[in-house]
Structure formats: structure tokens, C-alpha cells
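Okay, here's what each chain looks like letter by letter:
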Amino acid sequence: MTAMDVQWTLVCSRCERTYPGLVERHRCECGRPLDVRLPPSAMTPDAVDRRLTSRQPLDRSGVWRFREWVLPLDEASVVTRLEGHTNLYDVPKLAAHVGLDRLRLKHEGENPTASFKDRGMTVAVSVARRLGKTRVACASTGNTSASMASYAATAGMQAYVFIPEGKVAYGKLSQAMAFGAKTLQIEGDFDRAMSLVQSVSASEGIYLVNSVNPFRIEGQKAIGFEILQDLQWQVPDWIVLPGGNLGNNWAIAKGLMELRAAGHIDRLPRIAVIQAEGASPLYAAYQRGGDLQPMAAETVATAIRIGNPVSFHRALAGLAATDGVVEKVTDQEIVDAKAVVDGAGLGAEPASCATVAGLKKLVTAGTVPPDASVVGVLTGHVLKDPGLVVDYHLGRLEGFNHTLANPPVKVEATEAAVLAAIR
Ligand SMILES: *Cc1c(COP(=O)(O)O)cnc(C)c1O
Ligand SMILES: [Zn+2]
């Protein structure tokens, strides 16, 4: 396959300017992120369903199973950890908690590195291999770096994680270090780390897999595809998920818009994006009907602690196309929802639980009726942020109520004392 054979193009999300499919740029000359425009495909939902019983790695991956709808890449380039095929849980207790007759939660924490980032990363790192790259980089302190490090190691590439000074959550970095990424602690803030990773990658020929990478969006579309496949291609009324950089809600909207254009579904679900109050520029713009006003972000949900989201404008386009809504929740509401999600036996990281907190608000407000068919997305695993779990249950989260805390109890080492404690 030569560059000439690549069947997709990159198109600007604002000015419609197009670029060749493998050009190494993530943004248009006008500054907006680029999207992949795919060639028409004959792939049908029935044919995708037949792949469910296949033993081939590409069919077993919950991303590459949909490859004609994701990215028609040559198979030799694909770097996969058989990501996706996460479970869709029917959760009556949580349905009652939010006020719905029925609720299903798609647990993306069941991906190989325990967040949905793997769905995008398998595509981005595969494109890196297609381009002949041996090194990849991103600026991130979170799930993106964990995922990149794993896929780079799988592909035999060197990964570089640029992290800013100060706000380093070592719990989240442990995977990146474990998977062999070289971690550069930049003596500067996040913007500085981001501008350095961009300039150094360009001059060194290192492939950038940061949030603007259009191929990550392509892989994340598969969350929506898989939800439909889980539901036997019945479109739910709502899909609810947290929003930080806002790539994921755009990805799901883009994928489902493409399926509708191809005639595989006849309507779109409404998409509800939930933001943390301390990091809610989309919510603010949605309320005002205005443009992006970046804010200094602060929330316990570190995966969505983003004040200047890179996919802001695309997110708005996705909301318009799906008749979507935006809700915001306080950190207290997030930790309360997390105690309920964790206590139901599922567990998820704080950002994921914004989904349940926001859904509760939307049902209470009457936006989502009790009999609606709703799929919520849990974006990351409970073990991503064990520090917050321990602090919550020990009553040590400063400024929070710990209503549902489940602390350990100290017991004297006698049978009588143990019996007294468990009765
Ligand atoms: C990245 C991430 C998000 C936010 O997704 P965006 O595409 O940035 O909006 C939410 N939850 C988890 C666990 C994440 O890793
Ligand atoms: Zn443009």
C-alpha cells in the first residue's frame, strides 16, 4: 500500500479544506482540528455481527471489528490489544438511584489499560506504524499516556510522555512508567509542556498522539458502534458521558452520523455531555449560546479537569446534530455518585461517575423521561484513582461530606471481638 492508495482524506472541521489522508498534521492551516473523511463502504451491521464468532484478532477487537467504518488501513499496520468489546451492564439499582425504569452502563474501564483511550490509541499507533514511525509522544498526566505507553510497547516503539511541573498525579502515571514510556517532567505548566511536545515532535520526526490526533477520534467512534451492536442495532434514546477535551462525545456523534448517512440506522440518540462544575466551559457556552471562554479548571475528576477543550467546536456540532444537552455536576455530586456506582459492584474512576451524577439531574429536571432507553458510559476503571477512594472512605476528603463512607474498623485480635464486629 503506497500513500497514493490511502482511501480517506483529512478535512477541516471549519473551513472544509482537505488534506491527504496520511499528511502529518492534526490541525488545518486555519487552526481547527482535522477530521477523517472515509470512502463509502459496503459493510453492513449483519456482516459486522458475523465477525462476533471469529477468532481473528481484527474481528475480536471491538474497534477493528468495525474497521470499514473506522479506518480502512492495511491489516499489516494494525497494532491491537483486542481493545473494546466492553460489557453493557443492566443496573436496576443504579436505574432506581437516578430515577429511571431501566439503565444500562457501558464499562469502558474494561479496556486493556482500563479506559476508553485504548480505542483511539490502537488507531493512532497503527497509523504511526503505517508511517514508519518508531517513536510516539503526547503531553498528558492521565489515561492518554497510560494507553500510549502500552500500545507503543506492543508495537516496539519508544513512547515519550511530557508532563507539566506540579500537578502530577503519580497514581495515573504508574502505567506509563511501567509500560516503558520515557517520562519528561517539564519545568513549566501544561501549555508549555504541550507546546514543547509539539515542536520537538515536529523537529525529531516523532509521531504525536495528543488529543487533536484525528485517528484517535476514529477509534473512539467504536464506542457508539458497539453500543448499537450490544442493543441489536436498536438506537437508544440517550447516550450519556462525561466531557473534558470533548473528543469522545464528538467521536460517538460522528460515528453514528456516518451510520445514519449510510442508512444503517434511521435516527440518532440524543447525547448528554456531563461536565464537572469546576471545568465546564462547554456547559457555559451551551447556556449562553456563545463561544468558548477558557477557564482555570479544578475538579477531583482529573480526567475531565480541562478548561480549554481542544474539540470544543466539534462537540458543539455533535450536540446540534444529535439534539444533545450539556449538564454540569459539583464535585460533591461526583463523589456521591461514585460511592453509589462503586457500591453497586461496578466501580469507576471519578470522571466516569459524572455520567451517573449528571443523569440523575437530567431525570430530576424532566429532560430525560423515566421510561427513556438510556446508555451511560463509564469511561475508566475504579483502580485508576485509588487515592480518592481511600480518602473518601476514611473521611479525609477536605471540604466534602462522606455520607456513604465504608471505612475499615479496628478489631482486637480475639474471636469475641471479631464476632461482635460482624454481627
Ligand atoms: C479522557 C477521559 C475523559 C474525557 O474524555 P474527552 O474526550 O476528553 O472529553 C473522561 N473520562 C476518562 C476516564 C478519560 O480518560
Ligand atoms: Zn480550516
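Residues numbered from 1 in each chain as written. Chains lettered and ligands numbered in written order. Predicted model: local features only at pLDDT ≥ 70, side-chain atom pairs only at ≥ 80, totals over all residues. Heavy atoms only, no water.

Draft legend 1. Region of the structure containing the site of ligand 1. Lining the immediate surroundings of ligand 1 are 16 residues, of which Lys117, Asn143, Gly244, Asn245 and Thr379 lie closest. At a separation of 2.8 Å, an oxygen atom of ligand 1 approaches a polar backbone atom of Leu246. Taking Thr379, its side chain carries an N or O atom lying 2.8 Å from a nitrogen atom of ligand 1. Class assignment of the residues belonging to the shell around ligand 1 gives a composition of six nonpolar, eight polar and two charged. (Near = heavy atom within 4 Å. Polar contact = N/O pair within 3.5 Å; in protein donor to acceptor, adjacent residues only side chain to side chain. Nonpolar A, V, L, I, M, F, W, Y, C, P; charged D, E, K, R; others polar.)

Draft legend 2. Here's a closer look at the coordination of the zinc ion (ligand 2). On the protein side, the zinc ion (ligand 2) has Cys12 (SG), Cys15 (SG), Cys28 (SG) and Cys30 (SG) as donor atoms, found 2.3 Å from it. Mapped onto the polypeptide sequence, the residues donating to the zinc ion (ligand 2) form the spacing pattern C-x2-C-x12-C-x1-C. In this pair, Cys15 is assigned in the loop between strand E1 (9–12) and strand E2 (18–20) and Cys28 in the loop between E2 and strand E3 (34–37), connecting sequence segments 13 residues apart. The exposure class of Cys28 is buried, given its relative accessible area of 4%. (Donors = N, O, S within 2.8 Å, 3.2 Å for Na, K, Ca; no water. Helix = DSSP H or I, 4+ residues; strand = E, 2+ residues; numbered from the N terminus. Buried < 20%, exposed > 50% of the residue type's maximum accessible area, 1.4 Å probe, protein only.)

Draft legend 3. View of the sheet that holds strand E6 (residues 135–139). Sheet architecture is open: four strands sit in the order E8-E7-E6-E9, paired in parallel fashion. The open sheet is flanked by strand E8 (182–186) and strand E9 (207–208), the only strands paired with a single partner. Examined bridge by bridge, E6 and strand E7 (residues 158–164) share five bridges and lie parallel to one another. When the bridges of E7 are listed, Val136 appears paired with Ala159. Contacts between helix H8 (residues 190–204) and the sheet are confined to E6, E7, E8 and E9, with E6 contributing the most and set at about 160° to the helix. (Pairing = 2+ DSSP bridges. Contact = heavy atoms within 4.5 Å. Axes fitted to C-alpha atoms, helices over the stretch in contact; angles between N-to-C directions.)

Draft legend 4. Molecular detail of unusual backbone geometry. In this structure, His85 takes a positive phi of about 35° despite not being glycine. In this structure, His85 sits in the loop between helix H3 (67–70) and strand E4 (88–90). Take His85: its relative accessible area is 44%, and that puts it in the partly exposed class. Here Ala114, not a glycine, exhibits a phi torsion of approximately 75°, which is positive. Judged by its relative accessible area of 14%, Ala114 is buried.

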